[in-house]
Amino acid sequence: MEGNEHELMLACVISGTLFSVLGSASFALLWAVNWRPWRIYSWIFARKWPGFLQGPQLGIICSFFSLSAWIIVISPVVVLVTWGCWLMLILGRDIVGLAVIMAGSSLLLAFYSIMLWWRTQWQSSRAVAVLLLLAVGLLCAYELCAVYVTAGVRASERYSPSGFFFGVSAISLAINMLFICRMVFNGNGLDVDEYVRRAYKFAYSDCIEVGPVACLQEPPDPNELYPRQSRR
């Protein structure tokens, strides 16, 4: 028992330290490229390089640094996967390791997508939609695994019966979030950008403060911003 506690403490300290260091490096690198990792190569190429490096060798150097930067960007996810597998081996409980691997990666991807959304001034972006959908998909997959483990043959010996209800509820929530992401970002739902633009113009309109009543503008109607589709 004491050996397991020592191994558990060692795993948490080593993995937590690596995650903190590599996560900070990934955050700093993504902040430098405005949370657009596909621009890493161009960002490195645009640096001021010495004159003797100009030429064909500059492309090789930039490719090497770009590959290293991509490794740093995805390293927090790799650390989470390693951490979860290590906990599975020590504790013998798959649900704990799956929580670190799948739920942890889901939260990390959601954080990346929100930061990218913020840096693009809350504009609709396909990259944000893909990251959010991937995060929700991982969360949904984790909850499916959690329900399977909790409701297994030997589940009553190790897990609480309330875990099944919580898992089913979380799966339903994750499935609803998938459709919400689809409607908001893929253009078949409310045009968020246009609604915010009209709401901003309505809030800062001069007619509201000094104009007559007949000059008052109506607030934007969200129903008008849905794309018109022909009936089949």
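Residues numbered from 1 in each chain as written. Predicted model: local features only at pLDDT ≥ 70, side-chain atom pairs only at ≥ 80, totals over all residues. Heavy atoms only, no water.

S.K.: Explanation requested: helix α4 (residues 94-119) in the structure shown.
M.R.: Residues three or four positions apart in an α-helix share a direction because the helix packs 3.6 residues into each turn. The end-to-end C-alpha distance of α4, which contains 26 residues, comes to 37 Å, matching closely the 38 Å that a straight helix rising 1.5 Å per residue would cover. Just downstream of α4, Q121 is the residue with a positive phi angle, here 60°. (Helix = DSSP H or I, 4+ residues; strand = E, 2+ residues; numbered from the N terminus. Expected span 1.5 Å × (residues − 1).)

S.K.: Teacher, can you tell me more about the UniProt feature "transmembrane region" (unreviewed entry) in the protein here?
M.R.: Here, the residues flagged by UniProt with the feature "transmembrane region" (unreviewed entry) are residues 12-33, 58-83, 95-118, 130-151 and 163-185. When the span residues 12-33 is considered, its composition is 95% helix and 0% strand, and the gap between its end C-alpha atoms is 31 Å. (UniProt positions renumbered as here; feature names shortened; annotations may be inferred.)

S.K.: Looking at this model, I keep getting lost on helix α3 (residues 56-91). Mind explaining?
M.R.: The first and last C-alpha atoms of α3 sit 52 Å apart over 36 residues, in line with the 52 Å expected at 1.5 Å per residue. Helix geometry: α3 is bent most strongly at I74, by close to 45°, with proline P76 lying one to four residues after it. G92 sits one or two positions beyond α3 and adopts a positive phi of about 75°. (Bend = angle between axes of the 7 residues up to and from the residue.)

S.K.: What is the right way to read unusual backbone geometry from this model?
M.R.: Negative phi characterises most residues that are not glycine, and trans characterises most peptide bonds. With a phi angle near 55°, N34 is a residue other than glycine that sits in the positive phi range. Note that N34 resides in the loop between α1 (2-32) and α2 (40-45). The exposure class assigned to N34 is partly exposed, which follows from its relative accessible area of 30%. With phi around 60°, W35 is a residue other than glycine that occupies positive phi space. Since its relative accessible area comes to 3%, W35 is described here as buried. (Buried < 20%, exposed > 50% of the residue type's maximum accessible area, 1.4 Å probe, protein only.)

S.K.: Teacher, can you tell me more about the side chain of T120 here?
M.R.: By secondary structure assignment, the location of T120 is in the loop between α4 and α5 (126-150). Assessed through its relative accessible area of 15%, T120 is described here as buried. Within the structure, the side chain of T120 is placed 3.0 Å from the backbone oxygen of L116, a separation counted as a polar contact. A polar side-chain atom of T120 sits 2.9 Å from the main-chain carbonyl oxygen of W117. (Polar contact = N/O pair within 3.5 Å; in protein donor to acceptor, adjacent residues only side chain to side chain.)

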